[in-house]
Amino acid sequence: MPPNILSSSLQNASFNIIFQIGFRILTFLLNAFVLRHVSQAAVGVMNVRLLLLESTLLFLSREAFRRACLSKASEHYWPKVINLVWLTVPLCQILCLIFGYIWLNVLSTPSSSITEYYTVGVWSIAISCIIEMCCEPVYLMSEAFLFVRLKVVMQTMLVVVRTITFTSIVLYQPKAAVLAFSVAQILSITAYTVGYYIYFHFYMKKRLIERSQIINNVSKGRSFQRKDSIIGTAYDFPFNSISEFLPSKCDDGNFDYKLAKLTWSFFKQGILKQILTEGERYIMTLFSVLSFGEQGIYDVVNNLGSMAARFLFRPIEESAYFYFSQMIRRDVPIAKQDQKQVEECVLVLQRLLRCLFALGLVILVFGLAYSRLLLLLYGGSGLISGSGPLLLRTHCLSVLLLALNGITECYALASMDTKQLDRYNYVMVWLSIGFLCISWIFTRLLGGVGFILANCCNMAARITHSIHYIADQYQSTAFNPLKGVIPHRMYCITLFVSGLLTQLSEVLVSPYSLLGHFLIGAFCFLVTLVVWTIGERELVQLGIHKWNQRRAKSH
């Protein structure tokens, strides 16, 4: 296994985090703009009803293929993989017809006073998803061969095109927000897909020129330097033209049936995971427990509360899944695998869990005291007059659970064999049923807060299952990935004291001086950061050492 998988995964995570931070800042500003120009009901239609349709179509169409085809990518025969990935297009078309009909004819339709363009919005989502599936083979190659910067550039372009288009139309026609959303969706996805194909067209053209130069140098007895990539070398990239990204006929079968079987396991699991991930939106949409206006407020608060999960945890989880799936073999017991690779994986898993647990505790402690201030600065007094602050405080608890669930579950899914994945599907069935029942009950009793509490219960159950799997996997070995996950004692004490001070500050200082309340929190956060740095001195030194090595290498 090439030694650069870990470094490339870390680079991928860092670029993704930077992109997600920029994307969330832009989305943060865009939502603040939308709240002042678009009705809360229209926000509910766009951000809950239509984006739920997009999330459902994309997840069911491609998630299983991505997870399966990125497992042990160095062992793939790529023409068969490309054939398999292109199945996402007809699958997405079928799903678009099914869910498009449900969204238009089964679910309650928004009144004309909210929007006249609901039908246009539904079909724009369906068309954009089909277009995006046509980009999936190229995207998969960029992931497998670690085109990290390309992914960031393409996602940035998508966000910029979508934002500029939507904002431009809403400025002139505030009542046509859903139409603006639809136009922006189609244009941004088209630019995203075309951009990928254009890049690889010129990349492969340039690579052919470089290959001919290498052949000339070798024929003349000159040496050349080969650049490492995840699969051999950069010169072993298995495609020479865009046409090779299209389906083709293979001599010994057109598909990799082992990958197809793994994809089917992930697909069955994906249905359940989608219900668990978007459960509150499904309940809102199917049972109409909240009006479109209430859905808009919930979505705004939910986006704020889940910022850490979206721009930090998710990129880390994606890169961690890729790393673990390359280093751990699914069908081989841990004791019979390369022990150096296993030791490295255990160390990475330990440090990830410890760091994310510490970060989740910080978000919980400071979020409880500063949720009201954040909502006031973001959306004005309208967001703090109702249940907004309580919703955001409850989100802080869910963020802590998300931090633990994401890493433990991604490791479990990256290392389970097919039979274990199938058994896990049955567990997810019961979790899904329990989650939906609890969500419905809690929402009837507590409103929007019930969604978040039900999600917390669900994540706690999933964490328990993943921890049990990890403990069983390493039971007969000398490794214990779960040891030392809880942060050191002084850090926990500092967090406890900071929580008391900031809560007192919210009660005694905040009504008279928001700036004073903010400064007290900033001081407590700085002290907490210093204590964590001292306690995690070894990890900080390792990070500084790696950073200096990277700078020296770039120079």
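Everything below is about the structure shown above.
Here's a quick rundown of the structure. (Residues numbered from 1 in each chain as written. Predicted model: local features only at pLDDT ≥ 70, side-chain atom pairs only at ≥ 80, totals over all residues. Heavy atoms only, no water.)

**Quick notes on the overall build of the protein**
Counting its secondary structure elements, the protein contains 20 helices and zero strands. Relative to its full complement of 555 residues, the protein shows a buried share of 52%. In the protein, the share of contacts with a sequence separation of at least 24, taken over all contacts with a separation of at least 6, comes to 83%. (Helix = DSSP H or I, 4+ residues; strand = E, 2+ residues; numbered from the N terminus. Buried < 20%, exposed > 50% of the residue type's maximum accessible area, 1.4 Å probe, protein only. Contact = heavy atoms within 4.5 Å.)

**What to know about the side chain of Glu 132**
Within the secondary structure layout, Glu 132 lies in helix 5 (residues 118–133). Judged by relative accessible area, Glu 132 falls into the buried class, the value being 9%. Beyond its immediate chain neighbours, meaning those up to four positions away, Glu 132 contacts Leu 58, Arg 62, Ile 189, Tyr 192 and Thr 193.

**Some points on the pattern of salt bridges**
Applying the stated criterion across every chain, the model contains six salt bridges. Of the charged contacts in the structure, one is a salt bridge between Glu 409 and Arg 462, with a shortest N-O distance of 2.6 Å. Of this pair, Glu 409 sits in helix 15 (residues 388–415) while Arg 462 is found in helix 17 (residues 448–473), placing the two residues 53 residues apart along the sequence. Taken individually, Glu 409 and Arg 462 each receive the classification buried, so the pair is uniform in this respect. (Salt bridge = Lys/Arg side-chain N within 4 Å of Asp/Glu carboxyl O.)

**Description of the nonpolar core**
Counting 154 residues, the largest nonpolar core has Phe 166, Tyr 196, Phe 200, Phe 245, Phe 324, Tyr 411 and Tyr 474 as the members making the most contacts within it. The element best represented in this core is helix 13 (residues 339–379), accounting for 20 residues. The contacts of Tyr 474, once residues within four sequence positions are left out, are Ile 328, Ile 334, Val 342, Val 346, Tyr 411, Phe 479 and Pro 481. (Core = buried A, V, L, I, M, F, W, Y, C linked by side-chain atoms within 4.5 Å.)

**Quick notes on helix 6 (residues 136–144)**
Owing to its 3.6 residues per turn, the α-helix aligns residues three or four sequence positions apart on the same side. Of all nine residues making up helix 6, nine are buried, and the element is well covered by its neighbours. Looking only at helix 6, the buried set comprises Glu 136, Pro 137, Val 138, Tyr 139, Leu 140, Met 141, Ser 142, Glu 143 and Ala 144. In the segment just after helix 6, Leu 146 is the residue with positive phi, at about 60 degrees.

**Let's talk about the packing of aromatic side chains**
In total, this model carries 15 aromatic pairs according to the counting rule given. Summarising the aromatic geometry, the rings of Trp 264 and Phe 267 are spaced 5.7 Å apart at their centres and angled 15 degrees between planes, so their arrangement reads as stacked. Of this pair, Trp 264 and Phe 267 both sit in helix 9 (residues 257–277), separated by three residues, roughly a single helical turn. A relative accessible area of 48% places Trp 264 in the partly exposed class. Pairing Phe 324 with Tyr 411 gives two aromatic rings, centres 5.1 Å apart and planes at 85 degrees, and the pair type is edge-to-face. A residue pair is termed long-range when its members are at least 10 positions apart, and Phe 324 in helix 12 (residues 307–327) and Tyr 411 in helix 15 qualify at 87 residues. Among the aromatic residues, ring-to-ring pairing joins Phe 147, Tyr 199, Phe 200, Tyr 203 and Phe 245 into one connected group. (Phe/Tyr/Trp six-rings, centres within 6.5 Å; stacked < 30°, edge-to-face > 60°.)

**Some points on the packing of helix 2 (residues 40–69) against helix 11 (residues 292–305)**
Closest axis-to-axis distance for the helix 2/helix 11 pair is 7 Å, and the angle between their directions is 65 degrees. Considering their axes alone, helix 2 and helix 11 lie roughly perpendicular with respect to each other. You can see that helix 2 and helix 11 cross each other, and the crossing is left-handed. Of the residues in helix 11, those in contact with Gln 40, Ala 41, Val 43, Gly 44, Val 45, Asn 47, Val 48 and Arg 49 of helix 2 are Phe 292, Gly 293, Gln 295, Gly 296, Ile 297 and Asp 299. Each residue belonging to the contact of helix 2 with helix 11 can be placed in one class, and the counts come to six nonpolar, six polar and two charged. (Axes fitted to C-alpha atoms, helices over the stretch in contact; angles between N-to-C directions. Parallel < 35°, antiparallel > 145°, perpendicular 65-115°, else oblique. Left-handed = near helix turned anticlockwise from the far one by under 90°. Nonpolar A, V, L, I, M, F, W, Y, C, P; charged D, E, K, R; others polar.)

**A few points about the environment of Leu 495**
Within the secondary structure, Leu 495 is located in helix 18 (residues 489–508). C-alpha separation for the pair Leu 495 and Val 527, spaced 32 residues apart in sequence, amounts to 9.3 Å. Beyond its immediate sequence surroundings of up to four residues, Leu 495 is in contact with Leu 361, Val 362, Val 365, Phe 366 and Thr 528.

**What about a nonpolar patch on the surface?**
Judged by side-chain polarity, Leu 286, Phe 287, Trp 440, Ile 441, Leu 445 and Leu 446 come together as a nonpolar surface patch covering roughly 640 Å² of accessible area. Only helix 10 (279–287) and helix 16 (418–446) provide two or more residues apiece to the nonpolar patch. The element that contributes the greatest number of residues to the nonpolar patch is helix 16, accounting for four residues. Tracing the backbone through its elements, the reader meets Leu 445 in helix 16. (Patch = residues over 30% accessible without salt bridge, like charges linked within 9 Å, V, L, I, M, F, W, Y side chains within 5 Å. Areas by Shrake-Rupley, 256 points an atom, 1.4 Å probe, with all protein chains shown as cover.)

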